[in-house]
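What follows is each chain in one-letter form.
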Amino acid sequence: MTTLTLIRPNLHRVDSAGRQMLFHVPSSSLFELDGAARDVLALFDEYATLEAASLVERLGGRHDALAVRETVDELRQLQVLAEEGEDGRINPPVGEVTRFPLDTLVLNVNTGCNLSCTYCYKEDLSSPAKGLRMSLETATKAIEMMLAESPGKPKYTIVFFGGEPLSNMGLIRTVVDFAERRFAEAGARVDFTLTTNATLLSAEIIDWLDAHRVGVTVSMDGPPAVHDRNRRTFGGDGTYDVVRRKVDLLLARYRARPVGCRVTLTRGITGVVPIFEHLHHEVGFDEVGFGPVTSGDIQAFNLDGEELAEVFDGLKALGRRYLDAALRNRSLGFGNLHQLLTDLHEGNKKMLPCGAGVGLLAVDGKGGLNLCHRFTGSALPTFGDVDAGIDRARLGAFLGRRLDRSGTGCATCRIRNLCSGGCYHESYAKYGDAAAPSYHYCELLRDWIDFGIETYARIVTENPGFFAAHVSPRRTA
């Protein structure tokens, strides 16, 4: 006789306007539960184990035997139910990592910057003239390395980063010209993006960015009192006024793509909603995303626990506005929730937190290959260089450590395939180990992702057309 048990780490139930949904953790998929499925799962809330035959008997007054058996079979196929003694597949076995389908390069074109933002994590806070500028030789070698490592892809992406990337605008222009020709020869498309403090923008540069469809994200922290608190010149003056003038010019002239804004939230700055109101509704950014600092290199700027809770309350308040807009078939430019809903809609199951080290690597000014832009100049050894290519053994070993969830808090966590242990750099800054999961705000993150799942369930049941119109095709910030 078959004895069944519920594999709790593989499901999460969500109530959505009177309809019960099942979030299937292994596949990041959402299913609506019919009556039989709701009642079967309710029995396992009451009993740790149940005989398969007794399920039919207990539910016989409400559902016919065939419906119950079919429901049990479906839940077993989903590995939500399993025979007693079997754990089901909570986490797939970890094999050796040998494939690195690299299609995105972050080029750190200059470590120097024309601003002196107090919270900056970069290794070089000197002026652009003193920063490490990437050479054209290093940049072209990086592109050739990517094509050699991952030939035959239909599309590649090059990200220009710094410091302030526009302080090496000459290199950016030359690299774009080279890349457009080189990728066309390879029969592939190439996409360009950059993140800038906006201060060096001019009408001529904006028109050039527009002509080459270079995606633009601006670092801006909010209204004047908020922005000027940390984003300053070398002389200590606030930069809001100049940034606002340049952003107004950008939004007036640039038409190629939506323009995103990236906000850094540090200690003492938790007003998510008023910051969003200013940047989205007053300034006019298409999309605004928030990056809370929880484990930065400079301890004084890290949000404390109470502040972080305030930030997540603010994110959920914005999320409720996003939901209201979505039910009216409008997209609110709230990047954090927009990306989470995109992941849910596309069924993205992430065994790793991001593409760093797999589809993406960052090239520093000396040609070293780093996990991402945040590691350039850090003490973490690089994973190869543009001459020798990827150090596959070393990078594979690193990723294998993060993929192995055994003995970690991630092993049975319901958000393990959406959070995937958290940001590598946060772990590195917090624990000195980039491969270790980041635990310092797990409960808040679980609550945020639960909120996202509930929001997704409401939209998909009440206005499913929203996703075809607004979610999958659009990723900016």
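What you see is a predicted model; the values in this text were computed from it and never measured.

K.L.:
Break down the nonpolar core for me, citing the residues and quoting the values.
P.N.:
By size, the foremost hydrophobic cluster in this structure holds 116 residues, and its most contacted members are L107, F160, F285, F290 and W448. Shared between two domains, this core holds at least three residues of each, these being domain 1 (3-83) and domain 2 (104-389). Setting aside its immediate chain neighbours within four residues, F290 contacts V263, L265, V272, I275, F276, L315, L318, F334 and N336. One finds L4, L11, L59 and V72 within the second-largest nonpolar core, a separate group that totals 19 residues.

K.L.:
Would you mind going over the packing of helix α6 (residues 203-211) against helix α8 (residues 240-253) in detail, with residue names and values included?
P.N.:
Packed helix pairs are specified by the crossing angle of their axes together with the interaxial distance, meaning the distance between the axes. Remark: α6 packs on α8, axes separated minimally by 10 Å, with the N-to-C direction vectors making an angle of 40°. By the angle class used here, α6 and α8 are oblique. For the pair α6 and α8, the crossing hand works out as right-handed. In contact with A203, I206, D207 and D210 of α6, α8 contributes L249, L250 and R253. Classifying every residue of the contact of α6 with α8 by side-chain character gives 4 nonpolar, no polar and 3 charged.

K.L.:
Which residues make up the domain arrangement of the protein, and what are the values?
P.N.:
For the protein, the assigned domains read domain 1 (3-83) and domain 2 (104-389). Taking only C-alpha atoms, the centre of domain 1 and the centre of domain 2 are 44 Å apart. Each partner contributes residues to the interface: domain 1 has 4 residues there, and domain 2 has 4 residues. Here domain 1 meets domain 2 over a buried area of about 280 Å², counting both sides, of which 49% is carbon and sulfur. For the interface between domain 1 and domain 2, the tally reads 0 salt bridges. Its residues assigned to classes, the side of domain 1 that touches domain 2 shows 2 nonpolar, 2 polar and no charged.

K.L.:
Tell me what's going on with a negative patch on the surface, and back it up with residues and numbers.
P.N.:
A cluster of acidic residues, D34, D64, E70, D73 and E74, forms a negative patch at the surface. Inspection of the secondary structure puts D34 in the loop between β4 (29-32) and α1 (35-46). On the basis of relative accessibility, which here comes to 43%, the residue D34 falls in the partly exposed class.

K.L.:
Describe the pattern of salt bridges, naming the residues involved and giving the relevant values.
P.N.:
Under the counting rule described, the total for this entry stands at 20 salt bridges. Note that R321 is salt-bridged to E277, the shortest N-O span being 2.0 Å. Of this pair, R321 sits in helix α10 (residues 305-327) while E277 sits in helix α9 (residues 272-283), and the two are 44 residues apart along the sequence. Judged by relative accessible area, R321 falls into the partly exposed class, the value being 37%. A relative accessible area of 26% places E277 in the partly exposed class. Note that D447 is salt-bridged to K316, the shortest N-O span being 2.6 Å. One end of the pair, D447, is in helix α14 (residues 442-462); the other, K316, is in helix α10, and 131 residues separate them in sequence. The exposure class of D447 is partly exposed, given its relative accessible area of 33%.

About the criteria used
- Residues numbered from 1 in each chain as written.
- Predicted model: local features only at pLDDT ≥ 70, side-chain atom pairs only at ≥ 80, totals over all residues.
- Heavy atoms only, no water.
- Core = buried A, V, L, I, M, F, W, Y, C linked by side-chain atoms within 4.5 Å.
- Buried < 20%, exposed > 50% of the residue type's maximum accessible area, 1.4 Å probe, protein only.
- Domains from an automatic or database assignment.
- Contact = heavy atoms within 4.5 Å.
- Axes fitted to C-alpha atoms, helices over the stretch in contact; angles between N-to-C directions.
- Helix = DSSP H or I, 4+ residues; strand = E, 2+ residues; numbered from the N terminus.
- Parallel < 35°, antiparallel > 145°, perpendicular 65-115°, else oblique.
- Left-handed = near helix turned anticlockwise from the far one by under 90°.
- Nonpolar A, V, L, I, M, F, W, Y, C, P; charged D, E, K, R; others polar.
- Buried area = accessible area lost by both parts, 1.4 Å probe.
- Salt bridge = Lys/Arg side-chain N within 4 Å of Asp/Glu carboxyl O.
- Patch = residues over 30% accessible without salt bridge, like charges linked within 9 Å, V, L, I, M, F, W, Y side chains within 5 Å.
- Areas by Shrake-Rupley, 256 points an atom, 1.4 Å probe, with all protein chains shown as cover.
- Lys, Arg positive; Asp, Glu negative; His and termini not counted.
- Charge placed at Lys NZ, Arg CZ, Asp CG, Glu CD.

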